[in-house]
Amino acid sequence: MTVDQRASAPPALPAPLTWLDANARARREAGLRRSVRPRPAVDSQVRLDLAGNDYLGLSRHPAVIEAGVAALRTWGAGSTGSRLVTGSTELHAELEDALAAHTGFAAGLVFASGYAANLGVVTALVRAGDLVVSDERNHASIVDACRLSRAEVAIVPHLDLAAVDEALAYRSYRRALVVTDSVFSADGDLAPLAGLHAVARRHGAVLLVDEAHALGVVGPGGRGAAAAAGLAGEPDVIATVTLSKSLGSQGGAVLGPVEVRDHLIDTARTFIFDTGLAPAAAGAALGALRLLVADPGLAASSRARARELALLAGAPEPAAAVVSVVLGAPERAVAAAATCREHGVAVGCFRPPTVPPGTSRLRLSARADLTDGDVALFATALAAAGGGAAGASGTGGTGGPGAARA
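These notes cover the structure that comes with them. (Residues numbered from 1 in each chain as written. Predicted model: local features only at pLDDT ≥ 70, side-chain atom pairs only at ≥ 80, totals over all residues. Heavy atoms only, no water.)

## Let's talk about the packing of aromatic side chains
1) Next: The final tally for this structure, using the stated rule, is one aromatic pair.
2) Next: Judged by centre distance (5.7 Å) and plane angle (65 degrees), the ring pair of F111 and F271 falls under edge-to-face. A residue pair is termed long-range when its members are at least 10 positions apart, and F111 in strand 2 (residues 107-111) and F271 in helix 11 (residues 269-272) qualify at 160 residues. Considered together, F111 and F271 belong to a single accessibility category, that of buried residues. (Phe/Tyr/Trp six-rings, centres within 6.5 Å; stacked < 30°, edge-to-face > 60°. Helix = DSSP H or I, 4+ residues; strand = E, 2+ residues; numbered from the N terminus. Buried < 20%, exposed > 50% of the residue type's maximum accessible area, 1.4 Å probe, protein only.)

Here is the structure:
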């Protein structure tokens, strides 16, 4: 290379991912840096887990484990393909029938995760030219589904029936879908499902309810919030559920009319192009569901323990098993969670963008199998962490304010 060629060479460009360092530094300074901490099989430091979503305490139940092991032995480690190819077993069909029967819907379709179920059903039901009306605190999977659907998305204030009515009344659309969590995962509050359904039906819209945090906890026998509101089985109501919370396993499902199930099999991309749920997960979920059906008091036990935890923490009375203890600044929530852990109690720590700024919190998951000793241990840990809520009501929500904006 000549001197002239060196002089005219373009300046060296920075490495294309250097911006990641600056972003990580900004998150660290704001108290928002996260890390993945592998959980050992036996954690000598944690005596009480209030962080996971094992609302009925079934994830380690011997019958649930044995059901998963039996499925593993019978069907192998993986489903081996898409459910339209080799990934659908008799076990999947049995689980779908059992879920539909328990919740009161006509049919069910199992997906590899609850996230995939939400993505699949929303994008299969609406597209460009349609309207989705979504609560501002809906789960991230609903937010992403709204974006991917290419439909117009109206984000309405939390639990605001009048805003839903207005969105449906004053917008032009071909088809409309009203979508909401039944129990909101960060706050633990309950959507007004009967009112939402009345508004949706008046405008010819379909109501889609994410029952992730309600199945197994809300309603008689843990049948879910839609069943409790008398909506299960209605022709214009669809529900999604996860198998990873009250049922202690993994996976998700869509529940609704038979016609909806048939349509999803033909059109839902997260069903058609994803590997089917692993047999062990399907077997374990079915085993847990059988225990729930056999002992309908499990749901009431979980709710009762949640009320005890909320009373100790000065938190709003929960509608299900989620207890939201708002502390304010992210640093305070992180420090409180660390102190609880030092005292043997694992709790969830929710910070922006999962919840809005100023509402960082401890997020507690009650379980049906908690003992009086467990509750006393939490009280000790909470006192060491500086007490309960900072006087703020649960005002956060999954995804933060406006997170569902498309």
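## Observations concerning the environment of C340
1) Next: Tracing the chain through its elements places C340 in helix 14 (residues 330-342).
2) Next: Taking the C-alpha atoms as reference points, C340 and L377, separated by 37 residues in sequence, lie 9.6 Å from one another.
3) Next: When residues no more than four places from it in sequence are discounted, the contact partners of C340 are V345, V347, L362, A381, L382 and A385. (Contact = heavy atoms within 4.5 Å.)

## Notes on the layout of surface pockets
1) Next: Roughly 200 Å³ of volume is contained in the second largest pocket.
2) Next: Where the lining of the second largest pocket is concerned, the elements lending two or more residues are helix 5 (114-125), strand 5 (176-181) and helix 10 (258-267). (1 Å grid on protein atoms, 1.4 Å probe; cavity = no way out; pocket = protein on both sides within 12 Å on 5 of 7 lines; lining within 4 Å. Points joined across faces, edges and corners; volume = space filled by probe spheres on them.)

## What about empty space enclosed by the protein?
Gaps left between atoms are located by rolling a probe of water-molecule size over the structure's atoms.
1) Next: In total, this model carries two cavities of 30 Å³ or more according to the counting rule given.
2) Next: The calculated volume of the largest cavity comes to roughly 80 Å³.
3) Next: As for the largest cavity, its lining consists of 14 residues, of which D135, V156, V164, T180 and L196 are closest to the centre.
4) Next: Of all the elements in the fold, those that place two or more residues in the lining of the largest cavity are strand 3 (131-135), helix 7 (161-169) and strand 5.
5) Next: Residues belonging to the lining of the largest cavity are distributed by class as follows: 10 nonpolar, two polar and two charged.
6) Next: In this structure, the second largest cavity occupies an estimated 40 Å³ of space.
7) Next: R83, V110, F111, A112, T270, F271, D274, T275, G276 and L277 together form the lining of the second largest cavity. (Nonpolar A, V, L, I, M, F, W, Y, C, P; charged D, E, K, R; others polar.)

## Here we look at the sheet that holds strand 8 (residues 252-256)
Two strands in a sheet stick together by hydrogen bonds in their backbones, pointing the same way (parallel) or opposite ways (antiparallel).
1) Next: Strands sit in the order 2-8-7-6-5-3-4 across an open sheet of seven strands; the sheet is mixed. Whereas interior strands pair on both sides, the edge strands pair on one side only; in this sheet they are strand 2 and strand 4 (152-156). The sheet shows a mean angle of 20 degrees between the axes of neighbouring strands, direction not considered.
2) Next: Bridge count between strand 3 and strand 5: four bridges; the pairing is parallel. Bridge pairing in strand 5 links V132 to L177. (Pairing = 2+ DSSP bridges. Axes fitted to C-alpha atoms, helices over the stretch in contact; angles between N-to-C directions.)

## What about the sheet that holds strand 9 (residues 322-328)?
1) Next: Spatial ordering of the open sheet is given by 1-10-11-9, a layout of four strands whose pairing is mixed. At either end of the open sheet lies a strand with only one pairing partner, and these are strand 1 (48-50) and strand 9. Strand-to-strand twist in this sheet, taken as the mean axis angle between neighbours without regard to direction, amounts to 30 degrees.
2) Next: When strand 10 (residues 345-350) meets strand 11 (residues 360-365), the two strands line up antiparallel, connected through three bridges. What sits directly across from F350, in strand 11, is R361.
3) Next: Packing against the sheet, helix 14 makes contact with strand 9, strand 10 and strand 11, and its axis sits at approximately 165 degrees to strand 10.

## Concerning the environment of I155
1) Next: Examined against the element boundaries, I155 turns out to sit in strand 4.
2) Next: Of the residues examined, I155 reaches a relative accessible area of 28% and is grouped as partly exposed.

## A few points about the pairing of strand 5
1) Next: Extensive coverage of strand 5 is indicated by the burial of six of its six residues.
2) Next: Going residue by residue along strand 5, you find A176, V178 and T180 tucked away on one face and L177, V179 and D181 tucked away on the opposite face as well.
3) Next: Regarding the hand of the β-α-β motif, the stretch spanning strand 5, helix 8 (residues 193-202) and strand 6 (residues 206-210) is right-handed. (Right-handed = clockwise from strand over helix to strand, strands pointing away.)

## Quick notes on the pairing of strand 4
Strand residues, when the strand is regular, have side chains that alternate between the two faces of the sheet.
1) Next: Taken together, the five bridges between strand 3 and strand 4 define a ladder with parallel strand orientation. The partner of S134 across the bridge, within strand 4, is I155.
2) Next: You can see the chain leave strand 3, run along helix 6 (residues 140-149) and come back into strand 4, and the turn it takes is right-handed.

Honestly, it's all geometry; don't read function into it.
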